[in-house]
Number of protein chains: 2
Amino acid sequence: MVVDQTLSDIEVDRIFRALADATRRDIVRRTLSAEASVSVLARDYDMSFAAVQKHVAMLEGAGLVTKHPRGRERIVRGNPEAIRRAQQLLNTYEQIWRGRIDRLDALLEENPG
Amino acid sequence: MVVDQTLSDIEVDRIFRALADATRRDIVRRTLSAEASVSVLARDYDMSFAAVQKHVAMLEGAGLVTKHPRGRERIVRGNPEAIRRAQQLLNTYEQIWRGRIDRLDALLEENPG
DNA sequence: CTAACGTACAACTATATGGTTGTAGATCAG
DNA sequence: CTGATCTACAACCATATAGTTGTACGTTAG
């Protein structure tokens, strides 16, 4: 199964926006390492449960984590796919920059000295 | 010269926040490819000059671009360093995920079937 | 059954963002 | 010198974020 890996502007916005908060990055890090319920996650942060819930919701909306019911709990898992898409974006930017360098080099070879 | 590549939470916040907008990503893309003045950049977007100015200011605050006076113009250049730091962040997340997979594999080998 | 737990969601506040218009200073062209 | 250009910045508005508290509901433990 080949999945369309083209991301709309809105989707990319959401991914980067979701990563622009230290608490959310920590949740991504933790849930990539091992899944955890929302309440277990919440214990480690100096804020209300509802606040953590909102962070998880934003991460879920960006596709960076998935939530799975287990009894009364909601298990949160990090999603490496979304990370990879963000990496791809940044890679294209680096490629663009390398392209510029290559063009500058070519220019220098044409007009040496 | 070795530069400290450790980023504070605030700095990382700013980088991802700056990347969470399609106009700003486009400015990064363009200025990585070739430097351009703020007004030249602004011509291509359906918003006021002041709005583009603010986007550039946010990118500059995040270190994603640098601004250089040239006469009455301000020349904007993309900064690949900041891109690389964001890439590094995402790479560590992927490493964390791979670490989990490795641990799962080891577990399966210990308890086969 | 009952109490505690985990979650969902609404309402509210404060601050940040993304846009606007307007004013003003510096520089360039003629 | 004068006018056009490029930029800077303030003030304002609408919306989104990040946090709070409070209420409600399903699930689990005893």
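Residues numbered from 1 in each chain as written. Chains lettered and ligands numbered in written order. Predicted model: local features only at pLDDT ≥ 70, side-chain atom pairs only at ≥ 80, totals over all residues. Heavy atoms only, no water.

Some words on the protein's contact with DNA strand D
Close to DNA strand D lie 22 residues; Arg-24, Ser-48, Lys-54 and His-55 of chain A together with Ser-39 of chain B are nearest. The separation between a base nitrogen of DNA strand D and a polar side-chain atom of Gln-53 of chain B is 3.2 Å. Between DNA strand D and Lys-67 of chain B, the relevant distance is 3.4 Å, taken from a phosphate oxygen to a side-chain nitrogen or oxygen of the residue. Secondary-structure elements contributing two or more residues to the surface near DNA strand D are α4 (49-61) of chain A together with α3 (38-43), α4 (49-61) and β3 (73-78) of chain B. (Near = heavy atom within 4 Å. Polar contact = N/O pair within 3.5 Å; in protein donor to acceptor, adjacent residues only side chain to side chain. Helix = DSSP H or I, 4+ residues; strand = E, 2+ residues; numbered from the N terminus.)

Overview of the interface of chain A and chain B
Facing the 30 residues of chain A at the interface are 30 residues of chain B. The contact between chain A and chain B buries some 3000 Å² in all, and 60% of this surface belongs to carbon and sulfur atoms. Of all residues in chain A, Arg-25, Leu-90 and Tyr-93 of chain A give up the largest surface area on contact with chain B, accounting jointly for 21% of the area buried on that side. Taken together, chain A and chain B are joined by 6 salt bridges. The partner of Arg-25 of chain B in a salt bridge is Asp-13 of chain A, and the shortest N-O contact between them spans 2.8 Å. Applying the counting rule to chain A against chain B returns 12 residue pairs in polar contact (both at pLDDT 80 or more). (Contact = heavy atoms within 4.5 Å. Buried area = accessible area lost by both parts, 1.4 Å probe. Salt bridge = Lys/Arg side-chain N within 4 Å of Asp/Glu carboxyl O.)

Notes on the layout of surface pockets
Unoccupied space between atoms shows up once a probe the size of one water molecule is rolled over them. Roughly 200 Å³ of internal volume is contained in the largest pocket. Considering the residues around the largest pocket, the lining is formed by 14 residues, among which Arg-25 of chain A together with Leu-7, Asp-9, Val-12 and Leu-89 of chain B are closest to the centre. Mapped onto the lining of the largest pocket, the elements with two or more residues apiece are α2 (22-33) of chain A together with α1 (9-19) and α5 (80-110) of chain B. A per-class count over the lining of the largest pocket returns 5 nonpolar, 4 polar and 5 charged. (1 Å grid on protein atoms, 1.4 Å probe; cavity = no way out; pocket = protein on both sides within 12 Å on 5 of 7 lines; lining within 4 Å. Points joined across faces, edges and corners; volume = space filled by probe spheres on them. Nonpolar A, V, L, I, M, F, W, Y, C, P; charged D, E, K, R; others polar.)

Brief notes about the sheet that holds strand β2 (residues 65-70) of chain B
Residues and elements named next belong to chain B. Read across the open sheet, the 3 strands follow the order β1-β3-β2; overall the sheet is antiparallel. Each edge of the sheet is formed by a strand with only one pairing partner; in this case those strands are β1 (36-37) and β2. As paired elements, β1 and β3 share 2 bridges and run antiparallel to each other. Across the sheet, Ser-37 pairs through a bridge with Ile-75, a residue of β3. (Pairing = 2+ DSSP bridges.)

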